[in-house]
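Residue-level structure breakdown
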Amino acid sequence: EHPQHPQHSGHSAGHTGHGAAARSLTSLTADPDREADVAITLVAREQRFRLPTGRPVDGYTLNGTSPGPVIHASVGQLVQVRLVNESVPGGITLHWHGVDVPGAADGVAGVTQDAVGVGGSFTYRFVAGQAGTFWYHSHQVSHEQVRRGLLGALVVAPERPSTGVVDVVALMHLYDGARTINGREGDVRTEARPGERVRVRVINTENGQTPVWVGGAPFRLAAVDGTDLHGPAPVRDTAVLVTAGGRADIEVTMPEDGSPVRVHVGGRAGVVLGSRSYDAPAVPRPAVTLDPLSYGTPAPLGLDADRPDRRFDYEIGRRPGFLDGRPGVWWTINGHMFPDVPMFVVAEGDVVRVRIVNDSGEPHPMHLHGHHAVVLSRDGVRATGSPWWVDSLEVGAGETYEIAFVAGNPGIWMDHCHNLPHATEGLVAHLMYE
Ligand code: C2O
Ligand code: CU
């Protein structure tokens, strides 16, 4: 919802017969007259840089580093980011992964804007509507530009942040085969005192699902994809899987005896929390994996998924054919390959229910722009835990998911696989408001 433009809210736009033509572009931007609360300029460069171990990376930086700076905002603040392309060939954009930005700020080259060429700039403006862990990345030749470093973390704090909580970002990324957290190959150390609460914001910018687990203390899975879970109970000896493009906030209370805690991030280095000592031994990945479908306690969804206004089937397959004139075996959606996948058309205010079936033989981390969807069931097993809202959902080979969302953000929105090479191989669809 964009309350600053009440003339465009509700069902009217979709039901008066004017459709897309009736919608002015200004309804897809943040209030142009409002001053920014958080303003930052990001300068993108093609650059050879070194990881702290000395390993050179031929990549791209934002303000001289990769990942780029962590952007901090609070709920309700207007964030304004000016992107300047100093020297990245082929043009760049920034997409605010997981943030339900207005359409014009979504950063999809060729859909919501043109890519920003060398010497050019583009300004993104959006209100941070939801507290949580997000990230940003280029959405032009994403499979190459994300991998080479055009990315960073975005943390939105709640209006009244809980005091005394240690907050740590752990952005995992693969640079030329080197697994890193916050751009370093080793452990990230953070000071946390006995009894203190810590929130570790794990961001998976890689192409595959990655496990996270904790040694030395129980933990809670506090949030997924920027939405807090309801009633998350502490668990031990349990791994959490973080979807490609997805986020998991891990909450730990430090042991009273002062011993350190290790948050394993993908089995490589981790985040080590401690005060006197950071000597937290590695522990093997637990055999048990947390299932968000049955974790936490139920709460109202805010939508009636049993009476949807639209129902869609979204069947992921694979078949031989031509993509941009290239022969190959490509991913399909309902039998079609991008760009020949028919748009999923909705009207503003619709409750939309989607059945995703993956018959393609491989897992796909599906990412929906501009919306959050709630998971209703997997393989016919209904969700019984906390509402599990996602923007990035791992759909395993052979799995069927039912999800639902409210069409509350007019525009044209991508829905694609965040195993980014797959998006270049046909696994892209669009959601459009009529
Ligand atoms: Cu994080 Cu369309 O991407
Ligand atoms: Cu995929």
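What you see is a predicted model, and the numbers here were worked out from it, not measured in a lab.

As a further point, take the overall build of the chain. Broken down by element type, the chain carries three helices and 32 strands. Here the chain has a C-alpha radius of gyration of 21 Å; the compact-globule value for 434 residues is 22 Å, and the two agree. The principal-axis extents of the C-alpha atoms in the chain amount to approximately 65 × 50 × 50 Å. Every one of the 434 residues in the chain was classed for burial, and the buried ones make up 47%.

Before going further, it helps to spend a moment on unusual backbone geometry. Residue proline 67 is bonded to the preceding serine 66 through a cis peptide linkage, with omega at -5 degrees. For proline 67, the location among the structural elements is in the loop between strand S2 (56-62) and strand S3 (71-74). Between phenylalanine 338 and proline 339 the backbone carries a cis peptide bond, its omega angle lying at 10 degrees. By secondary structure assignment, the location of proline 339 is in the loop between strand S22 (326-333) and strand S23 (344-346). One non-glycine residue, aspartate 176, lies in positive phi territory at about 45 degrees. With respect to the helices and strands, the residue aspartate 176 is situated in the loop between strand S9 (165-175) and strand S10 (178-181). The residue aspartate 237 is not glycine, and still its phi comes out positive at about 45 degrees.

Looking now at the nonpolar core. Side chains of nonpolar character tend, in soluble globular proteins, to be buried together. Core analysis: the biggest nonpolar cluster contains 107 residues, and Phe126, Leu154, Ala170, Val202, Val212, Ile250 and Val271 have the highest contact counts within it. In this structure, leucine 154 is in contact with Ile71, Trp96, Val99, Phe134, Trp135 and Tyr136, ignoring residues within four places of it in sequence.

Attention now moves to the domain arrangement of the chain. Interfaces are frequently sized by the accessible area removed from exposure as the parts join. Domain boundaries assigned for the chain yield domain 1 (35-157), domain 2 (165-290) and domain 3 (310-433). Inter-centroid distance (C-alpha atoms) of domain 1 to domain 3 is 24 Å. Domain 1 puts 10 residues into the contact, and the matching count from domain 3 is 14 residues. Of the residues contributing to the side of domain 1 that touches domain 3, the split by class is four nonpolar, four polar and two charged.

Now for the UniProt feature "domain: Plastocyanin-like" (unreviewed entry) in the chain. UniProt feature "domain: Plastocyanin-like" (unreviewed entry): in the numbering of this structure it lies at residues 55-159 and 331-432. Helix and strand shares over residues 55-159 are 4% and 40% respectively, and the end C-alpha atoms of the span are 40 Å apart. Split by type, residues 331-432 is 5% helix and 50% strand. Its first and last C-alpha atoms lie 21 Å apart.

Here S3 shows one buried face, formed by Ile71 and Ala73, and one open face, formed by His72 and Ser74. Sheet analysis places S3 next to strand S8 (residues 151-157), joined by four bridges and oriented parallel. Opposite alanine 73, over in S8, you have valine 156 as the bridge partner.

Quick look at the confidence of the model for the chain now. Summary statistics for the chain give a mean pLDDT of 92 and a share of 94% for residues scoring 70 or more. The ipTM for the predicted assembly is 0.97, set against a pTM of 0.93.

What follows deals with the environment of arginine 55. By the secondary structure assignment, arginine 55 is in the loop between strand S1 (38-50) and S2. A residue is classified by how many C-beta atoms lie within 10 Å of it, and arginine 55, with 14 of them, is partly exposed. Those residues in contact with arginine 55 that sit more than four places away from it in its chain are Arg50 and Ala178.

Reading across the sheet, the four strands line up as S3-S8-S7-S5 and stay open at both edges, with mixed pairing between neighbours. Both outer strands of the open sheet, S3 and strand S5 (95-97), are each paired with one neighbouring strand and no more. Adjacent strand axes in the sheet meet at a mean angle of 25 degrees, parallel and antiparallel pairs treated alike.

Turning next to the sheet that holds strand S16 (residues 238-242). What the six strands build is an open sheet, ordered S11-S19-S18-S13-S16-S20; its pairing is mixed. The open sheet has two free edges, formed respectively by strand S11 (188-191) and strand S20 (288-289), since each of these has just one partner strand.

Here the focus is the environment of glycine 76. Tracing the backbone shows glycine 76 in the loop between S3 and strand S4 (78-85). Its 13 C-beta neighbours within 10 Å are what place glycine 76 among the partly exposed residues. Here the alpha-carbon distance between glycine 76 and serine 275, two residues 199 residues apart in the chain, equals 34 Å. Look past the residues within four positions of glycine 76 in its chain and what remains in contact with it is Val127, Ala128 and Glu159.

Cut-off values and rules
Residues numbered from 1 in each chain as written. Chains lettered and ligands numbered in written order. Predicted model: local features only at pLDDT ≥ 70, side-chain atom pairs only at ≥ 80, totals over all residues. Helix = DSSP H or I, 4+ residues; strand = E, 2+ residues; numbered from the N terminus. Rg over C-alpha atoms; globule rule 2.2 N^0.38 Å. Buried ≥ 20, exposed ≤ 12 C-beta atoms within 10 Å, placed from the backbone. Core = buried A, V, L, I, M, F, W, Y, C linked by C-beta atoms within 7 Å. Contact = placed C-beta atoms within 7 Å. Domains from an automatic or database assignment. Nonpolar A, V, L, I, M, F, W, Y, C, P; charged D, E, K, R; others polar. UniProt positions renumbered as here; feature names shortened; annotations may be inferred. Pairing = 2+ DSSP bridges. pLDDT = per-residue confidence, 0-100. Axes fitted to C-alpha atoms, helices over the stretch in contact; angles between N-to-C directions.

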